[in-house]
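Letter by letter, the chains look like this.
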Amino acid sequence: MHFDGILFFPVTAYDASGAVDTGLTREHIASRLPHRPGGVFAACGTGEYHALTAKEAGAVVRAAVDAVQEGAAPGGTRVPVIGGTGGPLGHAIEAAKAAEDAGADGLLVLPPYLVNAPVAGLERYVEAIAAATSLELVVYHRANAKFTPDAVARLAADPQIVGFKDGVGDIGVTQEVVLAVEATGRADFQFFNGLLTAELTQGAYRGIGMPLYSSAAFAMAPEVANAHYRAYAAGDEARRRELLERFYRPLVALRDAVPGYGVSLVKAGVRLGGLPVGGVRPPLVDPSPEHLAELERILAVGAELAAAEPAAGPAGSLVGTDALTVS
């Protein structure tokens, strides 16, 4: 499993009754594939994994797999689909098996439920999920699942564990993680920035050897996300900073206004784009009318910025540059 380009975290669509709408979820994912994401992470954070049953999570992953298969060019490289797992161990194992049955290529292991565990326990948690499936795993370093560099190096000894997503933001520790895994000789292990609105911090992450990043903004504004990625890949700092200043900084300010808006705003942005994917499930809340109006304004600015960019190929075509070589 190898990622090239922006990592896409789609929303999960619900129908009018609040049930998962796999048709709309598939349509949402399919509409983003022409923008060439490097991977589709279905039923993960932006996809409200925390609010899904294992069966629902499997259905969302199946929708993603179907969308990717239907959108694949003959003879072309298939975009990998990663399913979410995590939470209570039993639920995590059920979700992992459901994702495998749905045809996923791998799993993103989100934190376990509630408890603060020692690092040795976190390692056992990841190993238990790995033992329940043949899929490759990416470990998510976040919240109550904070791994030490030595722990990640030990996990990397298992070829089934292929990646590390940082959601903590401690650059020093993350640099140590990269160095510790490199010292094991793993050349295929991949690292990526998984902070909320990762574009704002990606300049620093590239400097420590983490060229990949997840993009929630890609789900609602793929043209803007690709404009940032092209500037990032080309080293066009003036263009990148313009996008950060005029689009991403206001978006982050709005995101930080209410807990959970990292998901709610993205879903609202997809709705503003014309796809009726529904609201968010509790305990998250949808944006207020005032915040929705501000989001609409920010998205309009982003669209204007993206439209002003000279014609260019999709962002994924730039990963062959030295700055973004991952292997």
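Bear in mind the structure is a predicted one, so any value in this text is a computation, not a measurement.

**Concerning the pattern of salt bridges**
- Under the criterion given, the structure shown has 13 salt bridges.
- For the salt bridge of Arg78 with Asp105, the shortest nitrogen-to-oxygen distance reads 2.6 Å. Residue Arg78 is found in the loop between helix H2 (54-71) and strand S3 (81-85), and its partner Asp105 is found in the loop between helix H3 (89-102) and strand S4 (106-109); the two are separated by 27 residues along the sequence.
- When the shortest N-O distance is used, the salt bridge between Glu242 and Arg239 registers 3.4 Å.

**A word on helix H12 (residues 289-307)**
- Given a rise of 1.5 Å per residue, 19 residues ought to cover 27 Å, and the 27 Å separating the end C-alpha atoms of H12 matches this to within 8%.
- When we look at burial in H12, the residues that qualify are Leu295, Ile298, Leu299, Val301, Gly302, Leu305 and Ala306. Axial view of H12: buried residues confined to an arc of 160°, hence all on one face. Projecting away from the buried face of H12 at angles above 90 degrees are the exposed residues Pro289, Glu290, Glu304 and Ala307.
- Against helix H8 (217-220), helix H9 (222-234), helix H10 (237-255) and helix H11 (261-272) lie the buried residues of H12.

**A short note on the environment of Ala104**
- Within the element layout of this structure, Ala104 appears in the loop between H3 and S4.
- As for Ala104 and Tyr49, which are separated by 55 residues in sequence, their C-alpha atoms are 15 Å apart.
- Those residues in contact with Ala104 that lie beyond four places of it in its chain are Val61, Val65, Val81, Gly83, Ala99 and Leu135.

**Some details on the nonpolar core**
- Among the nonpolar cores identified, the biggest contains 87 residues, and Val40, Val61, Phe147 and Phe247 are the most heavily contacted of them.
- Residue contributions to this core peak at seven residues, all from H2.
- Ignoring sequence-local partners within four residues, the contact set of Phe147 consists of Leu122, Glu123, Val126, Val139, Tyr140, His141, Val152 and Leu155.
- The next biggest cluster of nonpolar side chains, apart from the first, holds 16 residues, and it includes Tyr49, Ala95, Phe192 and Leu212.

**Some remarks on empty space enclosed by the protein**
- Applying the stated criterion across every chain, the model contains two cavities of 30 Å³ or more.
- The volume enclosed by the largest cavity comes to roughly 90 Å³.
- Surrounding the largest cavity, Leu196, Thr197, Ala216, Ala217, Met220, Leu251, Arg255, Tyr261, Gly262, Leu265 and Val266 form its lining.
- Mapped onto the lining of the largest cavity, the elements with two or more residues apiece are H8, H10 and H11.
- With four residues, H11 is the largest single contributor of residues to the lining of the largest cavity.
- Grouping the constituent residues of the lining of the largest cavity by class yields eight nonpolar, two polar and one charged.
- What the second largest cavity holds in volume is close to 40 Å³.
- Lining the second largest cavity, in full, are Val109, Leu110, Pro111, Pro112, Leu122, Tyr125, Val126, Val139, Tyr140, Ala145 and Phe147.
- Among the secondary structure elements, those contributing two or more residues to the lining of the second largest cavity are helix H4 (119-131) and strand S5 (136-141).
- For the lining of the second largest cavity, the element with the most residues is H4, which contributes three residues.

**Examining a nonpolar patch on the surface**
- A cluster of nonpolar side chains, contributed by Tyr113, Leu114 and Val115, occupies part of the molecular surface with about 360 Å² of accessible area.
- Residue position: Leu114 is located in the loop between S4 and H4.
- Judged by relative accessible area, which is 64%, Leu114 ranks as exposed.

**Description of the layout of surface pockets**
- For the largest pocket, the calculated volume is near 780 Å³.
- Along the wall of the largest pocket there are 35 residues; nearest its centre are Gly45, His50, Leu110, Arg142 and Val263.
- Mapped onto the lining of the largest pocket, the elements with two or more residues apiece are strand S8 (212-215) and H11.
- By residue number, the principal contributor to the lining of the largest pocket is H11, which donates three residues.

The rules we used
- Residues numbered from 1 in each chain as written.
- Predicted model: local features only at pLDDT ≥ 70, side-chain atom pairs only at ≥ 80, totals over all residues.
- Heavy atoms only, no water.
- Salt bridge = Lys/Arg side-chain N within 4 Å of Asp/Glu carboxyl O.
- Helix = DSSP H or I, 4+ residues; strand = E, 2+ residues; numbered from the N terminus.
- Expected span 1.5 Å × (residues − 1).
- Buried < 20%, exposed > 50% of the residue type's maximum accessible area, 1.4 Å probe, protein only.
- Arc of directions from axis to C-beta.
- Contact = heavy atoms within 4.5 Å.
- Core = buried A, V, L, I, M, F, W, Y, C linked by side-chain atoms within 4.5 Å.
- 1 Å grid on protein atoms, 1.4 Å probe; cavity = no way out; pocket = protein on both sides within 12 Å on 5 of 7 lines; lining within 4 Å.
- Points joined across faces, edges and corners; volume = space filled by probe spheres on them.
- Nonpolar A, V, L, I, M, F, W, Y, C, P; charged D, E, K, R; others polar.
- Patch = residues over 30% accessible without salt bridge, like charges linked within 9 Å, V, L, I, M, F, W, Y side chains within 5 Å.
- Areas by Shrake-Rupley, 256 points an atom, 1.4 Å probe, with all protein chains shown as cover.

In short, geometric facts, not functional conclusions.
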